[in-house]
Amino acid sequence: MAIMPKTITLPGLVDPHVHLRDPGQTHKEDFLTGTSAALAGGFTTVLDMPNNAEPITTLERLEAKIASAKQQVVSDISFHFGTLGNNFDEFPKVIDKVSGLKVYLNVTTGNFIIDAERLIDIYRAWPSNKPILLHAEDDVSELVGKTLRAVPKATHVCHVSSQAELELVIRSKDAGLPITCGVTPHHLFLTDKDAERLRAYGHMKPSLKPQIDQDFLWQHLDYIDVIESDHAPHTRAEKDSDTPPFGVPGLETTLPLMLTAEAEGRLTMKQLIEKLHTNPARIFKTPIDDDTVVTIDMDEYELSNDQLKTKAGWTPFAGRRVVGKVSQVTIRSNEVFKNGVVSALPGSGIIL
Ligand code: DOR
Ligand code: ZN
């Protein structure tokens, strides 16, 4: 029998899709708890989404967000800007301060959605090749291909969850269009069957899909550039309410789920590093540092709701047996996390 190494070391992981809720909804998460969850999950850089209570669609709001983050973050962080299609004057003012532009073409948390006809105007107005990130589920994905052919700007399709969506990405890639995509761990490890059991705790956008869609994602891993957590914390009280919001936390479970899949032979370690480090760093132009590393204990254990750093305090993966617990994180040669404890001082992370 092959002897498994007890610990492994990976480069600091990059999650280009998190919702840290700060400012505005800090009862769900804040920059300190969100970046602490990132470290506990092996992520040394996170890119935060703009669908805050007041969406980040102006320079002023972006600067307020950055000022709040500066005091709190224990990992490195950058931000995506938001648009409802009516803030084009702000684009040149923020372009050097953000990693991308997020556009919602479907309804989700924050009711932050644009008219489909405005998409092409947004593409024309965005003044650089920093990626445009699209929330574009099934019925709108044709529009994406059409828009990209007319204005071929770097585009990242977020949380691809179905065969139809991934086929659109595959066709666009094969046609040479500048498109990348991400898939979440919940779409790789949960299906609509789990949604019945999890009820509101398995309720997110895009929704959990049938096994056949999940199988298609696994069969076409080479077309998936990034594994992104879509960390979207909500409190238990909110999830237990009559109108539960969309979203599940993911920063602390993504790496163990992927390492377990690697141990089972479902992907290689090379693919895992590409999708959690190399590709997101390249696509979103975050710096790579050889002295930013994560040490992981490869003993088996059970994911649990206890001792999570996220304020949500729960995970849809509780009870699942996995390998891979982050034991130590080092950023630029400084120890920032060890054995469950964040040692970095609030504010010591860098705003990229
Ligand atoms: O499930 C989701 N939750 N999907 C999204 O697109 C947004 C996110 C959130 O902010 O809660
Ligand atoms: Zn999201």
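A brief look at the structure comes next. As the structure is a prediction and not an experimental result, all values here were calculated from the model.

**What to know about unusual backbone geometry**
Okay, so step 1: Of the consecutive residues D22 and P23, the connecting peptide bond is found in the cis state with omega at 5°.
Okay, so step 2: Position of P23 relative to the elements: it lies in the loop between β2 (13-18) and α1 (31-40).
Okay, so step 3: Omega for the peptide link from K205 to P206 comes to -10°, which places this bond in the cis form.
Okay, so step 4: For P206, the position within the fold is in the loop between α8 (192-198) and α9 (211-219).
Okay, so step 5: Although it is not a glycine, S333 sits at a positive phi angle of roughly 70°.
Okay, so step 6: Tracing the sequence through the fold places S333 in the loop between β11 (321-331) and β12 (334-338).

**A few points about the pairing of strand β6 (residues 132-135)**
Note on strand geometry: in a regular strand, side chains alternate between the two faces of the sheet.
Okay, so step 1: Residues I132 and L134 point to one face of β6 and L133 and H135 to the other, with burial holding for every one of them.
Okay, so step 2: Pairing geometry for strand β5 (residues 100-104) and β6, over four bridges, is parallel. Bridging across to β6, Y104 finds its partner in H135.
Okay, so step 3: Looking at chain direction, β6 and strand β7 (residues 155-157) are connected through three bridges and run parallel. Within β7, the residue paired with L134 across the bridge is V157.

**Topic: the side chain of D225**
Okay, so step 1: One can find D225 in the loop between α9 and β9 (226-227).
Okay, so step 2: A distance of 2.7 Å separates a polar atom in the side chain of D225 from a polar atom in the side chain of K173.
Okay, so step 3: Residues in contact with D225, not counting those within four places in the same chain, are K173, T180, C181, E274, K275, N279 and I283.

Criteria and cut-off values
- Residues numbered from 1 in each chain as written.
- Chains lettered and ligands numbered in written order.
- Predicted model: local features only at pLDDT ≥ 70, side-chain atom pairs only at ≥ 80, totals over all residues.
- Heavy atoms only, no water.
- Helix = DSSP H or I, 4+ residues; strand = E, 2+ residues; numbered from the N terminus.
- Buried < 20%, exposed > 50% of the residue type's maximum accessible area, 1.4 Å probe, protein only.
- Pairing = 2+ DSSP bridges.
- Polar contact = N/O pair within 3.5 Å; in protein donor to acceptor, adjacent residues only side chain to side chain.
- Contact = heavy atoms within 4.5 Å.

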